[in-house]
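# Structural characterization, general
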Amino acid sequence: MIVQDEQDRKALRKIGQIVGQVLQTMIQAAKPGMTTLELDTLGRELLDKHKARSAPILLYNFPGATCISVAPAVAHGIPDQTVLKAGDLVNVDVSAELEGYFGDCGASFVVPGADDDLAKARAEHVGEGRVVFDQIVGSIKGDLPFFRLGQIMQQRAAAKGFTLIRNLCSHGVGRHLHEEPRLILPFPDFEDKRLLTPNLVITIEPFISKGSEEIVQSTDGWTLIPRHAEDTVQFEHSMIITAKGRELLTEP
């Protein structure tokens, strides 16, 4: 969407802060022995407290208030009786609607309590992935060409030795969870002449992988997994494009 007035801006900030805080609270609460359903129940209760409606349920009848994916899954994981273990690589995605506006955010983390080589490697992946994400976000400003943003995403990931999942894209958000501009690609399409114009509302959500460039859908019809099950991390913010940068809506 394009922000038209201060009412739009305030409403987007309000739902953005709610989903951002719910995400952080869920990450902080995650611990070994907790099921993903228990973690989702916490998210559902927090959204209910703010009178926000889960977007996955509202729009897609998803079987959970949030998406919780345990590696090798990277997105759209269904909360269930899966028990979190120390060292698990987990992604939580929180999106919700309030008063006709949507916010969308996500992050990957490692469940605390493990000190083996795999857990250390995953923690390093999360940390370096966050650096890549922050660099990408820091490059965003008004009138940046879409193809240049895709180029920056690809270059920043490659500089750290990562690949990006090519068939998962960032997107417009605001009055709907997914709206124009659609298909903000994580690689350069030099035929894409669109620009990130000021007051445009979008998400940025690169999936930063240890080798994969493609996800496939699991047999449950929802969960997305890298084709060869490589560890992949994701971070996501909703934001308003400004003339000189961006206003992050979902950063608590």
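Residues numbered from 1 in each chain as written. Predicted model: local features only at pLDDT ≥ 70, side-chain atom pairs only at ≥ 80, totals over all residues. Heavy atoms only, no water.

Glancing now at the overall build of the protein chain. A tally of helices and strands in the protein chain yields five helices and 15 strands. In terms of overall dimensions, the protein chain is globule-like: its C-alpha atoms have a radius of gyration of 17 Å, near the 18 Å expected for 252 residues. Taking the principal axes of the C-alpha coordinates as reference, the protein chain spans close to 45 × 40 × 30 Å. For the protein chain, the exposed surface amounts to about 11100 Å²; the carbon and sulfur share of it is 51%. (Helix = DSSP H or I, 4+ residues; strand = E, 2+ residues; numbered from the N terminus. Rg over C-alpha atoms; globule rule 2.2 N^0.38 Å. Areas by Shrake-Rupley, 256 points an atom, 1.4 Å probe, with all protein chains shown as cover.)

Right, let's get into the pattern of salt bridges. Summed over all chains, the structure comprises 14 salt bridges. In this structure, Glu247 and Arg13 form a salt bridge, with 2.6 Å as the shortest nitrogen-oxygen distance. Remark: Arg13 occurs in helix H1 (residues 6-29) and Glu247 occurs in strand S15 (residues 246-248); sequence separation between them is 234 residues. Where Lys85 meets Asp88, a salt bridge forms, and the shortest distance between an N and an O atom there is 3.6 Å. (Salt bridge = Lys/Arg side-chain N within 4 Å of Asp/Glu carboxyl O.)

Between its first and last C-alpha atoms helix H2 (residues 36-49) spans 20 Å; for 14 residues at 1.5 Å apiece the expected length is 20 Å, and the two agree. For H2, every residue scored as buried is listed here: Thr36, Leu39, Asp40, Gly43, Leu46 and Leu47. The arc enclosing the buried residues of H2, seen along the axis, measures out at 120°, which places them on a common side. Here the buried face of H2 lies against H1, strand S1 (53-54), strand S2 (67-70) and strand S3 (89-98). Count one or two residues on from H2 and you reach Lys51, which has phi positive near 60°. (Expected span 1.5 Å × (residues − 1). Buried < 20%, exposed > 50% of the residue type's maximum accessible area, 1.4 Å probe, protein only. Arc of directions from axis to C-beta. Contact = heavy atoms within 4.5 Å.)

Before going further, it helps to spend a moment on the nonpolar core. Of all hydrophobic cores here, the largest spans 62 residues; its most connected members are Val92, Val94, Leu149, Leu196 and Ile204. In terms of residue count, the dominant contributor to this core is H1 (nine residues). Among residues more than four places away in sequence, those in contact with Val94 are Val19, Val22, Leu23, Met26, Leu47, Thr66, Gly103, Asp104 and Cys105. Judged by nonpolar contacts, the second largest core, of seven residues, contains Ala75, Ile165, Ile215 and Leu224. (Core = buried A, V, L, I, M, F, W, Y, C linked by side-chain atoms within 4.5 Å.)

Let's shift gears to the pairing of S2. Along S2, one buried face is formed by Cys67 and Ser69 and the opposite face, lined by Ile68 and Val70, is buried too. Looking at chain direction, S2 and S3 are connected through four bridges and run antiparallel. Considered in S3, the bridge of Val70 is made with Val90. (Pairing = 2+ DSSP bridges.)

The next thing to look at is the layout of surface pockets. In this structure, the largest pocket encloses a volume near 560 Å³. What lines the largest pocket is a set of 24 residues, and nearest its centre among them are His76, Leu168, His171, His178 and Glu205. If you list the elements that add at least two residues to the lining of the largest pocket, you get helix H3 (55-60), S3, strand S7 (170-172), strand S8 (179-184) and strand S14 (232-241). Element by element, the count of residues in the lining of the largest pocket is highest for S3, at three residues. (1 Å grid on protein atoms, 1.4 Å probe; cavity = no way out; pocket = protein on both sides within 12 Å on 5 of 7 lines; lining within 4 Å. Points joined across faces, edges and corners; volume = space filled by probe spheres on them.)

Below, the discussion takes up helix H4 (residues 117-138). For H4, with 22 residues, the first-to-last C-alpha span of 31 Å sits near the 32 Å given by 1.5 Å per residue. Buried residues of H4: Ala119, Arg122, His125, Val126, Gly129, Val132, Phe133, Ile136 and Val137, and no others. Buried residues of H4, viewed axially, fall in a sector of 140°; they line one side. Taking the backbone nitrogen of Leu118 as reference, a side-chain oxygen 3.0 Å away marks Asp116 as the first, capping residue of H4. (Polar contact = N/O pair within 3.5 Å; in protein donor to acceptor, adjacent residues only side chain to side chain.)

Residue position: His237 is located in strand S14. On the basis of relative accessibility, which here comes to 7%, the residue His237 falls in the buried class. A polar contact is formed between the side chain of His237 and the side chain of Thr250, at a distance of 2.7 Å. In contact with His237, other than residues within four places in its own chain, are Asp104, Arg130, Phe133, Ile202, Thr203, Ile204, Leu248, Thr250 and Glu251.

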